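Structural characterization, general
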Amino acid sequence: MTMSRQRTRREVGGLIAASVAMIAAPAVLRAQAMARVIVIGGGFGGASCARALRQADAKLDVTLVEANKTFTACPLSNEVIAGLRDINAQQFGYDKIAAEGVRVVLQAATAIDAPGHKVTLADGTTPAYDRLVLAPGIDIDVTALQGYDEAASSVMPHAYKAGEQTLLLRKQIEAMPDGGTVAIAVPANPSRCPPAPYERASLIAHYLKAHKPKSKVLILDAKDSFSQQKLFEQAWQQLYAGMIERIPLSQGGRVTGVDVATRTVVTEFGNYNPDVTNIIPPQKAGRIASLAGAADRTGWCPIDAATFASKLVPDVHVIGDACLGGGIPKSAGAAQAQGKACAAVIVRDLTGRPSEPPPLTGICYSIVAPDYAFSLAGVYQPKGDIFAEVEGGRSSPVDAPRETRAREADAATAWFKALTHDAFG
């Protein structure tokens, strides 16, 4: 009996020691035991991260969690609103990512147990992780504007998540009588793709010029200045003279609320009753970021810019639009670059292999007519908790000839094709 009890104590002691050793073991040991990485969000950042993880180390157990079977891309979706592009050209699935060995789970993530390293899915299952990557994109902050909520978006669409809202805004503009006004409410930064509302105004004006030439576009802006303003204003003067009016913040352009029943848009200095209203409300990180505890009081996610590690939750990384990123824009190209860089960091940490994250570069095209576009490219490096822009970026020149603008329009289409192929296969 005594010997038996001693063996039991030794066995228990050995189990305890083994458990302690595993907790204290370097990351490389966990990698040998099939380290588990879950990526939540199948947009440009999340899809790129999942692919890069699997390509970097086939031994990693990589799961991509995404609520929707089909991803609808925002870049070039303003062309859909203007009737220049079919929505099908914006849609991508996850079959090719799954074929590469990534486990694709088409369910919503409903909760995060950060201490327990588990994700709760819509079906109640709770897969475990060693590292979690959040790439939830944005949510519309429906509390930011008085009178605006999800129901209001069916009357005054935001169309800032591509898909049904994109088509709804297009139908409303097509149904508007000639001589009508399309109003676009633009939020203050931070916001997804800051130049996009002005590209949208341009392409709507292109449609109106061809089909409803007596109509106008009214931009109600919560900012006094915006990215590439000179280039947009030059294009508006050349292509759409008298059709686009912009009221900046200092002149009362900030929208504070809406009255859906009367289709009224309320600003600080007066009210408007446009025929079609595109309300782009303030935004915040996608809901799962808050559920995970990774979003702060701003609604966005503070990170260590060098590793994308959450400042608030251990073993969680945040990439893409949901980040408090500093100088790096909330754009598809930037999200994709972050996804790849984050994957390199995770592989380095889990395997012990030296790995230098790729540089963060991003380019954004603004299309103001089918044969007229310009671009803004940037290079970014971690600086404290944010990304700072460094030398190497460029912007299209203001005085470029129309031939250059036409070439950039072609380049925008090629860029989108390469971007989506890189993310979704």
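Everything discussed here concerns the structure shown above.
Turning our eyes to something else, we now look at the overall build of the protein. Assigned secondary structure in the protein consists of 11 helices and 23 strands. Dimensions of the protein along its principal axes, counting C-alpha atoms only, are 100 × 45 × 40 Å. Classification of the 425 residues of the protein by burial places 52% in the buried group.

Before going further, it helps to examine the nonpolar core. Formed by 114 residues in total, the largest nonpolar core has its most connected members in Ile40 and Leu53. The element best represented in this core is helix α10 (residues 332-351), accounting for 9 residues. Contact partners of Leu53, with chain neighbours within four places excluded, come to Val37, Val39, Leu60, Val62, Ala343, Ile346 and Val347.

The strand order across the open sheet formed by 4 strands is β12-β11-β10-β16, and the pairing between neighbours is parallel. This sheet does not close on itself; its edge strands, each paired only once, are β12 (244-247) and β16 (276-279). On average, adjacent strands in this sheet sit at an angle of 15° to one another, irrespective of strand direction.

Take the environment of Tyr365 next. Mapping Tyr365 onto the fold places it in strand β21 (residues 360-369). Classification of Tyr365 by relative accessible area gives buried; the value is 14%. For the pair formed by Tyr365 and Gln234, sequence separation is 131 residues and the distance between their alpha carbons is 16 Å. For Tyr365, the contacting residues outside a window of four places in its chain are Glu199, Phe374, Ser375, Glu408, Ala411, Ala412 and Trp415.

What follows concerns helix α6 (residues 164-175). When the terminal C-alpha atoms of α6 are compared, their 17 Å separation across 12 residues agrees well with the 16 Å that a helix rising 1.5 Å per residue should span. Of the positions making up α6, those classed as buried are Gln165, Thr166, Leu169, Gln172 and Ile173. The buried residues of α6 all sit within an arc of 130° when viewed along its axis, so they share a single face. Opposite the buried face of α6, by more than 90 degrees, sit the exposed residues Glu164, Lys171 and Ala175. Packed against the buried residues of α6 are α4 (77-81), β10 (181-186), α7 (196-211) and β16.

About the cut-offs
- Residues numbered from 1 in each chain as written.
- Predicted model: local features only at pLDDT ≥ 70, side-chain atom pairs only at ≥ 80, totals over all residues.
- Heavy atoms only, no water.
- Helix = DSSP H or I, 4+ residues; strand = E, 2+ residues; numbered from the N terminus.
- Buried < 20%, exposed > 50% of the residue type's maximum accessible area, 1.4 Å probe, protein only.
- Core = buried A, V, L, I, M, F, W, Y, C linked by side-chain atoms within 4.5 Å.
- Contact = heavy atoms within 4.5 Å.
- Pairing = 2+ DSSP bridges.
- Axes fitted to C-alpha atoms, helices over the stretch in contact; angles between N-to-C directions.
- Expected span 1.5 Å × (residues − 1).
- Arc of directions from axis to C-beta.

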